[in-house]
Structure formats: C-alpha cells, structure tokens
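Residues per chain, in single letters:
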Protein chains: 2
Amino acid sequence: MYLGSWLSRVCRGLSRPIGKTTHPVWGSLCRSLALSSQRIPEFSSFVDRTNTCGELRSSHLGQEVTLCGWIQYRRQNTFLVLRDFHGLVQILIPQDESAASVKKILCEAPVESVVKVSGTVISRPPGQENPKMPTGEIEIKVKTAELLNVCKKLPFEIKDFMKKTEALRLQYRYLDLRSFQMQYNLRLRSQMVMKMREYLCNLHGFVDIETPTLFKRTPGGAKEFLVPSREPGKFYSLPQSPQQFKQLLMVGGLDRYFQVARCYRDEGSRPDRQPEFTQIDIEMSFVDQTGIQRLIEGLLQYAWPDDKDPVAVPFPSMTFAEALATYGTDKPDIRFGMKIVDISDVFRNTEIRFLQDALAKPQGTVKAICVREGAKYLRKQDIEFIREFAVHHFSQEVLPVFLNARRNWSSPFAKFIMEEERLELARLMEIQEEDMVLLTAGEHEKACSLLGKLRLQCAELLEMRGLVLRDPALFSFLWVVDFPLFLPKEERPTELESAHHPFTAPHPSDLHLLYTEPEKVRGQHYDLVLNGSEIGGGSIRIHDAQLQRYILATLLKENVKLLSHLLQALDYGAPPHGGIALGLDRLLCLVTGAPSIRDVIAFPKSYRGHDLMSNAPDSVPPEELKPYHIQVSWPTDSEEIASALPSKNLNS
Amino acid sequence: MYLGSWLSRVCRGLSRPIGKTTHPVWGSLCRSLALSSQRIPEFSSFVDRTNTCGELRSSHLGQEVTLCGWIQYRRQNTFLVLRDFHGLVQILIPQDESAASVKKILCEAPVESVVKVSGTVISRPPGQENPKMPTGEIEIKVKTAELLNVCKKLPFEIKDFMKKTEALRLQYRYLDLRSFQMQYNLRLRSQMVMKMREYLCNLHGFVDIETPTLFKRTPGGAKEFLVPSREPGKFYSLPQSPQQFKQLLMVGGLDRYFQVARCYRDEGSRPDRQPEFTQIDIEMSFVDQTGIQRLIEGLLQYAWPDDKDPVAVPFPSMTFAEALATYGTDKPDIRFGMKIVDISDVFRNTEIRFLQDALAKPQGTVKAICVREGAKYLRKQDIEFIREFAVHHFSQEVLPVFLNARRNWSSPFAKFIMEEERLELARLMEIQEEDMVLLTAGEHEKACSLLGKLRLQCAELLEMRGLVLRDPALFSFLWVVDFPLFLPKEERPTELESAHHPFTAPHPSDLHLLYTEPEKVRGQHYDLVLNGSEIGGGSIRIHDAQLQRYILATLLKENVKLLSHLLQALDYGAPPHGGIALGLDRLLCLVTGAPSIRDVIAFPKSYRGHDLMSNAPDSVPPEELKPYHIQVSWPTDSEEIASALPSKNLNS
C-alpha cells in the first residue's frame, strides 16, 4: 500500500506517450524480449550481482542475493527502491544500531546514485504487497551495502525527463537511455536483429559479409559524404548502400549475402532522417522476385516480437498502378479504406465548370474519396484547411459533397450537383447519411496524389476527434510491385532517369519495349510497405553486361567509365541475382510505436545533423587539415549569415 | 579414374599456400562450417535449385535435381564439372540426338559460364568413382540445361589465380572470391561472428547497440579521418573505436553492451593494416578484470570453429613485467620456449669488455636465450645477420656461445669466456651439445627487447631449415596484465602519456602512488595475445569523475573541455564498468592461417589504402567540394613528386 502507486508513477514518469500501443512494464521487459524458443539469458554471469532487480519473486524467498542498481526513490529512510534495466525492487533499510553504516550509506546517497546491496529475500508484511509491481510480493532485508558511485544533482528530475525538450534529452542522452522506453526500444532492436541473423545465417545459409564504407564516389552521388585522403585531391566517399559490393559478391559466388549495413546519406537538414542509418541488406543468386518476397516474409515472421500479434504471410501485393489509383501513393496504408474512386462517368454532363474543364481534356478524370462519418466529425475549418491545402500544394479544387444537402455549407459548387448525379455518386461510393465525399478533377496521377494526401489528413483529423481508423496494434504489410523502370527527368522531361537505380532489371514481358518505348517498361522492383511507410525496397538486377551497358550509356546517358569495374564483372560469369534492403530504423520505429527514428537509435543526430551531447561536427585546427591537402573555403559575409544562423540554435 | 586427379588439381589451383595448416576441401566446407548444435541451413530455399553442387551423395540416387553453378571444367564434350560455393559435381553431357540443344549449351559455354541443369542423380560406372571428391560416387544425367550467363575470356586462368600478384587479385576481387580459400575464410568469419553473437546475446544477455561513426574529433586524434560537413569549417571524424559511446551506454544503464563495430584509423601506408577494420566491442557494468577474462574465454571457446581443436580455458596469464623479462615483448608467442634468462651473475668477473661495461652500470644486466639445436641448424651468415640486426636496430652487441668451443668461429669474444663461466652458463640454461646461446648485455628492457626479437628470428630461421617450433595447428592464448598506466612521452620524457588510453582505471593497490609516483602505477589493463599477436585489449575504466579529471588535467595535461560530456556523465551515477575489444580481422587471419588480413576481408584496401578494383580514393570535381566549404591545397612541386610517385604503382 505504502508503495502502492510507485511503479505506475515511475513508469508514467519514465515512459513517453507512444500513440495507443500498450507496452510491457519494467520487469516484464527482459522476459518479453527473450527469444521464445531459447532459455532466458544469464544476465548476472561474470559480475558481482547474483540477480537483477526485476527478477525476484516469492519463489526466491530466503535466498541470499547481491544486487547492483540505481536508487530510484527513498521513503522516510525506511525503504529504498533500487532499479536496473530489468526492473525495480524494494530494499528494507536496516534500523538497528549494528547496521548504522549500512543505514548511513542507503539514507545519504542521492537519488540515481549507484549502490550494491547484499541481503535476504523476504516476503512483504501482509497487506503491503504491491500487485502492480512484478517484484511486489518481496523485499530485500539488507545486510551490507556499498556506495559504488554518487550522483550529483541532476539537471532535471529523471521522472520528468520526457516532458523536457528533445534537445535536452539528446544533450543528456546517457540519462535519457535510463528510461524504460529507451531501454525497451534498444533491447527490442537488438533482439529483432539477432532473430533476423538466426533466420538468415542459421536457417537459410546466408553469409554475413562486411563491405567497405570508404569507397569511390558513385556517378551522381551528390548525397555522399566525402572523406579526404592523404593523396592530394583524392577523396573516398561514404556509400549510400553496399549496392555495388553486394552485386560483386554475387559475381564472386557468395550466393547468399546479408549485412546489417551502416549507410550514409548527406541530405542536409531533413526531419526524421539521419546522416547515418542502418539497413538489413540482402542479396541472392538464382532468385526471382517471388523468392525474395517469401524470404522477407519469413524473416519478418521469424523476427517479430513475441509481445505483438504474429505476422500473417504471405503479404498482400499490389501493383504501383493500382496503389496510385486506389490510394494515391506508392506506399498505401491499407489499415483503413477511404479508397479513391474514379467517378468521371457520373459527371459527363455536369454544369460545374472545373469538372467540365477537366473532363474535356484527354487525360481528364473526376476522382473522389468517401470520408466515413466525415459529416459528423469534421468541422467547417477542417474542410477549409483541406481546400486550401489542395490549392496551395496541387493547384487543385476540392469539392466536399454531403448526402444531406443542408450540410453543403462549405462549397459554392454543391448546389450545381444534380439530383441524379448525387444519387449515382451515393450508389457508386456507398455513401451513408453521416459521410462526406471529397471530390476533385484533373489528370489521373495528380488527382490521385492529392486525394491520397487528403485521405491521410482526414484520417488524422478523425482520429483527433476520437475515431480509430489506424489501429496501432495492427501491422499491415504490403508489397508494391511493377513500378516503371524509368521516369522522365524533372528538369528535362524528354530525358529518362532510373525510377530506383540503374541496376534494376526490366520486367521480362516488357523487354522488347526497351528499344522502342522505354518509358513504358516496368522494372522488377518491389517495395515493402508497412502501415503506410516504405520499410524496404529491392529488385532483381541486370546480370547481362550488354543490357546494363545499353541502359547506362544509351538510355540514361551515364558515364560508363565510372562503373567499368561492375560492367566488367558482369562479363565474367555473373549469375542472375536480386536483393532487397530493409530500413532498420524505420521498421523499429513502427514496431515500437516511437514518434521518431531518433527514439530507436542510441545516439542519434539532431535533424540538422548535430550530436548535441558532444557537439559534433566541430572545428578542426588548420594544421590538422594539412595532411589531407584541404583548406576551408570560408563563405562570404552574406553566405555566412545564412548558413551560420541555424547552428546557433541548440534545438537544431 | 578419368576424373581421378581433378579435385586435387582444382583445389591446388584454387587454394593458396597457408603455412602448414591443413584445410577442409570443397564439399566439406559448409558441413564443417555449420553450427554444430544446429541443423544444417537450407541452402536451396527460395531459389531455383533443389540442391547445391557439393551435397549430392549415393543417398540421393534417383532423385530429380536442379543445380546452378559455374562451369569448372569440361572433358571431351562428355563430362562437365559444375561448381558452386558448396563443391563440385560431375555432369554427364547427353549424347543422343533428341538432346542436341542441351548438348550444344553444355559443350559451347566457355569455362566459368553460369548454367542451370536439371536431371537425375545416377551412380558412376563401376571403377569410375572418385574417392577424393565428396560427390565422387555420383554424377548427374542431365535432361535440361539453361545458359544463365556467358563468361568472357578471363584475364587469366582461375586455377592459376593464386600465382598472380596480389594487385591483380585485388583488381579482380570478384574472381578471387570464387576461390576455395576466400570462400572458406569469409564463410568461417560469418559463422564465428554469428556464434559470438549467440554467446553474447542469447546466452549472456548482451545488447547489440550501434554507435555513430560520424563523431567529434577526440583530443589528440591525429589518426582520425575527417568528414567535412555542410557547415563551414565544421568536421565530423570517423572514430578509432566506440570507446566514449560504450562508456556512456554504461552510464545509461545498458549494462551489457556489444557491437561488431567498424572502426577507422588513418595511419597512411602500413603493411597489413586497413584504414577501416572491425572489432568485437564489449562493455559491462559491475564487472572486474577476472569477469571480462572469463567472458572472453567462454566467448572464444563457444565460437571456435569445429574443424579445429577446442580451446582450453582459462587462458594462462602473465604480467607485463614477466612477459618482458622472459620473452622480451608484451605479446609473447608461448608455443615455444627459448626464454630469456638473466645471467648477470655468471659474468660478474668477466674479462669481456662489453659485458664488464654493461654490468658496471646500475641498471646493467647480461641476458641470454638458448637456441636449441642452433649450432646444428644455423649457419655462419645467419649469425652475422643476427649480430648486424642487433647493432643496427638496438646498437647492441650479441655474442653467440657454443658448448663445443670449436664452433665459436663467429665471435671475437668467445675465447675470453672462462671455463667456469661456460660451465655455469651450461648449468643455468641447460645447454646441450648442439645448442647455441645468444648473449647480450645492457639495460634490462633494451636487452630483453632485443632478445625477444632474436628469439622470433631464430625460430623463423630454424623453421626455414625444417624444424617445427610453432605448430600452426596450435592456438596458444595468453593474457598479459599489469601494464604500467603511464609511459614517459617519447619526445619529452619528463611528461607522462597514457600507456593505453586515459580512461583506464589504476590498479587498486597502486592508487596511492598516483599522487606521488604516478609512473609506478599499474593500470587495470589486459591484453589478449594469440600465438604472439595481440588480438584484443581492454580495461576496467575509471568511473569516478574526480579521479578521471585528475588524471586528464593534472597528470596528462589534456584539454578537459573536449571531454566534458564524458566527465559530466561520470558525475551522474556512472556504474563501475570495464570492457574489451577483439580485433576481428587479426583473429580470423590467425584462425584461418591466412598470410594477410586482406585474405579475411571481402574487399580490402591495398597497403596504401587503395581500392584497386574501383580505383578509390578518386578525384572529385571542385563544384562537388563547394557544399562542404573546402578546397584542395595542391602541394608544391617538390612535395608533389614525393607524394605522387607511389600512387602510380598499381601494386600499391
């Protein structure tokens, strides 16, 4: 009773809101993370302690134990709660004269100090058990205590830590790591990766091979960090992925490769991106698209945490064309409907001008989504926000339509919708009384993209009003396939660029189009989508040197010399091969329900690429640049103001 | 019979001499690499083939199989040997008219082309079995064949590949990787690391945590690569180890950390070093030196390859002082004796001048090693070489002494050795008739270091003459402990520098000396030595902020500000902790008996840091340097000649 609410207060204090997912609490952490088929690891081997703080139960009564941990809380110099990564345990502070030195240590050490205690596991007095605390039936009658380290006054209370700004959390990352949520996230990450390794290495004969990160700049590698070498003017670059190396490994006969690969991408400042990130990188010889898909489904099923519902396989699959037409995106969140419907035929005879105009064009369409209960939950300003968004980002009109005409307050066009149009629309889209339809017109891709965005915005708005459209406990995987192999270049639409990368093999049935209408060729590329986020992508690669040369040189106008080593390798007996890469940070972020990938990385950079704890990147004295034959080109005054400003902001 | 010698020729062709270790051959590769306690992985899941080339036996007779592989060899258009990573199998080329297309494919494809064949496993005709080939009892009666890729004429014959220069091997690394030896090395590496992960993660509750590689320059980090950021004058650096991060993880309560960590060290050109390398990085809280040692012994025992003799634990341990006095080095190869003996007392009354001079000094000693059978196997020029080496590198005299006085041809001093000295020496060092004693005099450390080097040179010379002193099948681990915590700086011997790094905790019993005679303090540092190579090192760290500050600021005169984040972390409840790092490349090099660490790395750099396959590092156009606010400082003419010369050498 006297400690009744502690655990829950502690957990609330230490854990961050993470959406609606429920999480295990301290003490169940390690058990829930232990690999199901294996024994629980020995957490106390090789060290002084006999047990962890979270594991003691009534079954340990009478045992002599030694525990090490942090002082979480002390109450009236009688009790002390000790914490380690495994949980909390109550320590009885001895009150008799003979134990004065032990009492002194335990009473005087500040909170978050580190102590070692030895004593006996005893049961709590009747009525004082704490059913909410996994160790709530027992306490430790201490015989000896040792103060291992004192904690100075913290810059803030640990339990309030999560209310602090993220900048402060990043600056004192080592304190943030003590939180339940960070412990859970990092331990789950380790366990999931371990299970993936077991699946790949032990079950399916994959070979874990490390590839270099000091490499040669790739053609067009504008996002690659440079590393000056000691040879004047010569630079390594940090690769964005081991793509070339893994293909070369296939040529080298290492026919099942994987790597938990560190990759680098210099994108300047972008929210929720990291300059270095990790991918599960896989490549196989003699495989087709289906082979890779079944491998990955098995991998995720095997590695999936035991405290979540199991993953159902095979994952559904959708073509890129269908994803765009139905969800307006190449990474649909299929946990909810609100699909895009083509309603062009309903409005062939419309009097509404912007629909007329759109349909008059050869590629013109009218599209709509039905927001269930939108009429009930969305407000006038929501709809105004939506319409402004459409105008601002897509230069598109959006027309909200309601069954009940009285609701058509927000649209100047609504009164022009004829009754038969309204009825046909209601039939096609199965509109109910409380629903709202959002309608737009224009070229297929643009209209779909807009409605795809509005679909997500409406879901968010409805959830803010208390509806649950996207169950956070639901994990909906989806393959998206049959992407175009090439896209017109944004700057020069008559030229082509690779939709993904130039090593993707064309779809076999489109091969003939390569020489006539290359823009129509589909690639053997596949994306893996989870709850609306892309968590992986891969392809079957080109293994024919001649085809690769044609695509690089003739279609993409690339400088083939920069890739001569790869082209040459394809000539010397390259097997057919394909692969995939899963974004580990993003995957873990979704699995843990963390608000940012920074919450599943031990020492992340801020969104401006800073390490706020150590203050990296930092200045380097000019003499230390000399061996690398470089010097800083200081920007002019005006340039400097622009680039220097944000770096003064700690919250960067 | 007709294929009788093929396998052995193939293996000879594909494998490199690797000292005297014997290795498994193709076909036994995967079986010997499979984790002993687990089922053999499914190497043919998710792909077209039903089996690997190396696994078919008489037990498969009658089975319909599909195989994919490279054409290793073809004989008289009747047989073809197909190869994959798993081994070799003989394919019977069909001769009947109806199979003309299959015959055409199999007869026309050049060697090293990639084919897929389907057919039946049949037994070889009696007398044609090949007992040296794991699949030697069977062959494949082919029904269908598909040419998956043609191989152009290779720049050299694969079987002669190993005779080529290493530069050529590195340039065509993807071909080199097809060799048995590279397949074995990389697969063994993957398996050993996987077993280490199982031991750490699944058995002992360690958490695999990735730490950043874009970090802040550490004080004195002259060997750290720089990575320019987009902020003018600000640089990341690539850390030499995750040292700071792993200590911060301990402060963060992640009390058992490990990582297979990529580390970077820019040492310019050094043989058998790589600019990026991998270490098994481990840190634990609440642990002492013994705890770490037992952990590592268990780790190596668990991960040790099944095709080698098991590792015996615990490993022997030796103090630094003893290692120096007995073996003249901090990394003794204890597979053989030839220990250093202090024979100062024998020569107290010597007439030999250089011994007299040495013994007259306060720190003077006379030391010797006994080279067993040295009189029999070493030649006059060997001894001349040894004496010149001693003079050249140590400015020391070396005196060879033989029991049989007739052998004392090579020493002008020998005749001055008195009979009682010779007898006393013989008694002390147990000299036999055919032995040779090498004797030197001088200050303890210098004399020991010299004899330590000569001990290894003599071992090499004796082995060249056919003796086996260092059994390559023997793996002798050794802990070296009780190193000094500080060393006098080479340039300024009155100042101290850390013997290893400034975070190493002092030996508890020497703590008081820190404030009076710091040069006498031993550190809680431990090195792990295998067969005379250092394969790991670690320490118990300082967890007391005040002590750490004293050592950094007062003793080492470091700029404490650069490490303020670490010092601050120690103030906020840092637990006692310690750790270790094992050099994975070096360990694998010793385990596989490879001549260089380049042979256990998939894509190594040349000793000048070049990727000879892709030609990294490479030039970067000036406009691509602009976002990083750097420009190249081209060296002057004279500087340029010096630095440009070696880069023109392909064999770099």
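Residues numbered from 1 in each chain as written. Chains lettered and ligands numbered in written order. Predicted model: local features only at pLDDT ≥ 70, side-chain atom pairs only at ≥ 80, totals over all residues. Heavy atoms only, no water.

Draft legend 1. The relation of the copies chain B and chain A, seen in detail. The operation relating chain B to chain A is a screw motion whose rotation component is 180°, with 0.0 Å of axial translation and a residual RMSD of 0.1 Å. The operation mapping one copy onto its partner corresponds to a two-fold rotation axis. Of all interface residues in chain B, 100% are interface residues in chain A too; the two copies therefore contact each other through one and the same surface. (Least-squares fit on C-alpha atoms with pLDDT ≥ 70 in both. Contact = heavy atoms within 4.5 Å.)

Draft legend 2. Representation of helix α10 (residues 353-360) of chain B. Residue and element names in this part refer to chain B. Here α10 has its buried residues at F354, L355, A358 and L359. Along the axis of α10, the buried positions cluster into a sector of 130°, meaning they face one direction only. Relative to its buried face, α10 has exposed residues pointing more than 90 degrees away, namely R353 and A360. On its buried face, α10 is in contact with β13 (364-371), β14 (398-402) and β15 (436-443). (Buried < 20%, exposed > 50% of the residue type's maximum accessible area, 1.4 Å probe, protein only. Helix = DSSP H or I, 4+ residues; strand = E, 2+ residues; numbered from the N terminus. Arc of directions from axis to C-beta.)

Draft legend 3. Spatial organisation of the sheet that holds strand β7 (residues 225-228) of chain A. Spatially, the 3 strands line up as an open sheet ordered β7(A)-β8(A)-β22(B), and their pairing is antiparallel. Each edge of the open sheet carries a strand with a single partner, namely β7 of chain A together with β22 (618-619) of chain B. Here 4 bridges tie β7(A) to strand β8 (residues 234-238) of chain A, and the two strands are oriented antiparallel to one another. Across the sheet, the residue bridging to F225(A) is L238(A), located in β8(A). (Pairing = 2+ DSSP bridges.)

Draft legend 4. Representation of the packing of aromatic side chains. Tallied over the full model, the rule gives 34 aromatic pairs over all chains. Each ring, one from Y515(A) and one from Y550(A), has its centre 4.7 Å from the other, and the planes form 35°; the classification is tilted. A residue pair is termed long-range when its members are at least 10 positions apart, and Y515(A) in the loop between β18 (496-498) and β19 (525-530) and Y550(A) in helix α15 (residues 545-555) qualify at 35 residues. Judged by centre distance (6.3 Å) and plane angle (80°), the ring pair of Y172(B) and Y174(B) falls under edge-to-face. For the pair Y172(B) and Y174(B), one class covers both residues: buried. The ring of F336(A) has R455(A) lying over it, and the distance from NZ or CZ to the ring centre is 3.9 Å. (Phe/Tyr/Trp six-rings, centres within 6.5 Å; stacked < 30°, edge-to-face > 60°. Lys NZ or Arg CZ within 6 Å of the ring centre and 35° of its normal.)

Draft legend 5. Highlighting the nonpolar core. In terms of nonpolar packing, the biggest core is built from 129 residues, with I282(A), I296(A), F477(A), I282(B), I296(B) and F477(B) touching the most fellow members. Contacts of I296(A), omitting those with residues within four sequence positions, involve I282(A), W479(A), L528(A), I580(A) and L582(A). Formed by 33 residues, the second largest nonpolar core is a distinct cluster that contains L177(A), F603(A), M613(A) and F503(B). (Core = buried A, V, L, I, M, F, W, Y, C linked by side-chain atoms within 4.5 Å.)

Draft legend 6. Inspection of the packing of helix α6 (residues 180-203) of chain A against helix α8 (residues 289-303) of chain A at higher detail. All names here are of chain A. In contact at an axis separation of 8 Å, α6 and α8 are set at 130° when each is read in the N-to-C sense. Compared by their axis directions, α6 and α8 come out oblique. Seen from above, α6 lies across α8 with right-handed handedness. Each of M192, K195, M196, E198, Y199, L200 and L203 in α6 lies in contact with α8, whose residues at this interface are R294, L295, G298, L299, L300, Y302 and A303. Among the residues forming the contact of α6 with α8, the class breakdown is 10 nonpolar, 1 polar and 3 charged. (Axes fitted to C-alpha atoms, helices over the stretch in contact; angles between N-to-C directions. Parallel < 35°, antiparallel > 145°, perpendicular 65-115°, else oblique. Left-handed = near helix turned anticlockwise from the far one by under 90°. Nonpolar A, V, L, I, M, F, W, Y, C, P; charged D, E, K, R; others polar.)

Draft legend 7. Focus on the environment of L359(B). Residues and elements named next belong to chain B. Looking at the element boundaries, L359 is found in helix α10. On the accessibility criterion, L359 (15% relative accessible area) is buried. Linking L359 and K557, residues 198 residues apart in sequence, is a C-alpha distance of 38 Å. Setting aside residues up to four positions removed in sequence, L359 forms contacts with S344, F347, R348, G364, T365 and V366.

Draft legend 8. Here's a closer look at the interface of chain B and chain A. Each side of the interface is counted separately: chain B has 135 residues, and chain A has 135 residues. Summing the contributions of chain B and of chain A, the shared interface buries around 12100 Å²; its carbon and sulfur component is 57%. Ranking the residues of chain B by area buried against chain A places F46(B), F286(B) and Y572(B) at the top, with a combined share of 7%. One can count 14 salt bridges joining chain B with chain A. For R230(B), the salt bridge identified is with D266(A), shortest N-O distance 2.7 Å. In this structure, the connection of chain B to chain A is made through 75 residue pairs in polar contact (both at pLDDT 80 or more). At 12 residues, helix α6 (residues 180-203) of chain B tops the list of elements feeding residues into the side of chain B that touches chain A. Taken together, the residues of the side of chain B that touches chain A sort by class into 69 nonpolar, 35 polar and 31 charged. (Buried area = accessible area lost by both parts, 1.4 Å probe. Salt bridge = Lys/Arg side-chain N within 4 Å of Asp/Glu carboxyl O. Polar contact = N/O pair within 3.5 Å; in protein donor to acceptor, adjacent residues only side chain to side chain.)

Draft legend 9. Representation of the pattern of salt bridges in the model. This model, assessed by the stated rule, comprises 96 salt bridges over all chains. E210(A) is the partner of R189(B) in a salt bridge, and the nearest nitrogen-oxygen pair spans 2.7 Å. You can see R189(B) sitting in helix α6 and its partner E210(A) sitting in the loop between β6 (207-208) and β7, one on each of two chains. Considered together, R189(B) and E210(A) belong to a single accessibility category, that of buried residues. Ionic pairing is found between R522(A) and D510(A), a salt bridge with its closest N-O pair at 2.8 Å. Taken as a pair, R522(A) in the loop between β18 and β19 and D510(A) in the loop between β18 and β19 lie far apart in primary sequence, 12 residues in all. You can call D510(A) buried: its relative accessible area is 6%.

Draft legend 10. Quick peek at the state of the cysteines. Residues and elements named next belong to chain A. Tallied over the full model, the rule gives 0 disulfides over all chains. Here C151 stays free of any disulfide, with the sulfur of C53 as its closest cysteine sulfur at 16 Å. Residue C151 is classed as buried on the basis of its relative accessible area of 2%. (Disulfide = S-S within 2.5 Å.)

Draft legend 11. Fine view of unusual backbone geometry. Here A616(A) and P617(A) are connected by a cis peptide whose omega angle stands at -5°. Topologically, P617(A) is positioned in the loop between α17 (584-592) and β22 (618-619). For the bond from V313(B) to P314(B), the omega torsion is -5°, close enough to zero to count as cis. Looking at the element boundaries, P314(B) is found in the loop between α8 (289-303) and β11 (317-319). Although it is not a glycine, F46(B) sits at a positive phi angle of roughly 70°. For F46(B), the position within the fold is in the loop between α2 (29-33) and β1 (64-75). Given the relative accessible area of 23%, F46(B) is considered partly exposed. The backbone of S395(B) shows a phi angle near 50°, a positive value even though the residue is not glycine. Tracing the chain through its elements places S395(B) in the loop between α12 (380-394) and β14.

Draft legend 12. Just the pairing of strand β10 (residues 276-285) of chain A, in detail. Residues and elements named next belong to chain A. Most of β10 is tucked away, with 10 of its 10 residues classed as buried. Sheet topology places strand β9 (residues 256-264) next to β10; 9 bridges connect them, and they run antiparallel. By the bridge assignment, Q259 is partnered in β10 with D281.

Draft legend 13. Looking closely at the sheet that holds strand β1 (residues 64-75) of chain A. Residue and element names in this part refer to chain A. Here we have 5 strands rolled up into a closed barrel, ordered β1-β2-β3-β5-β4, and mixed in their pairing. Across the sheet, the mean angle from the axis of one strand to that of its neighbour is 55°, orientation sign disregarded. Two elements, β1 and strand β2 (residues 79-84), share 5 bridges in a ladder whose sense is antiparallel. Paired with I71 across the two strands is L82, which belongs to β2. Those strands touched by helix α3 (residues 100-108) are β1, β2, β3 (87-92), β4 (114-123) and β5 (138-149), and its axis lies near 80° from that of β5.

Draft legend 14. Structural view of the packing of α6(B) against helix α17 (residues 584-592) of chain B. Residues and elements named next belong to chain B. At a minimum axis distance of 11 Å, the contact between α6 and α17 shows a crossing angle of 120°. As summarised for this structure, α6 and α17 are arranged oblique, according to the angle between their axes. Classified by chirality, the crossing of α17 by α6 is right-handed. Across from Y184, N185, L188, R189, M192, V193 and M196 in α6, the residues of α17 making contact are L584, D585, L587, L588, V591 and T592. Of the residues in the contact of α6 with α17, the class split is 9 nonpolar, 2 polar and 2 charged.

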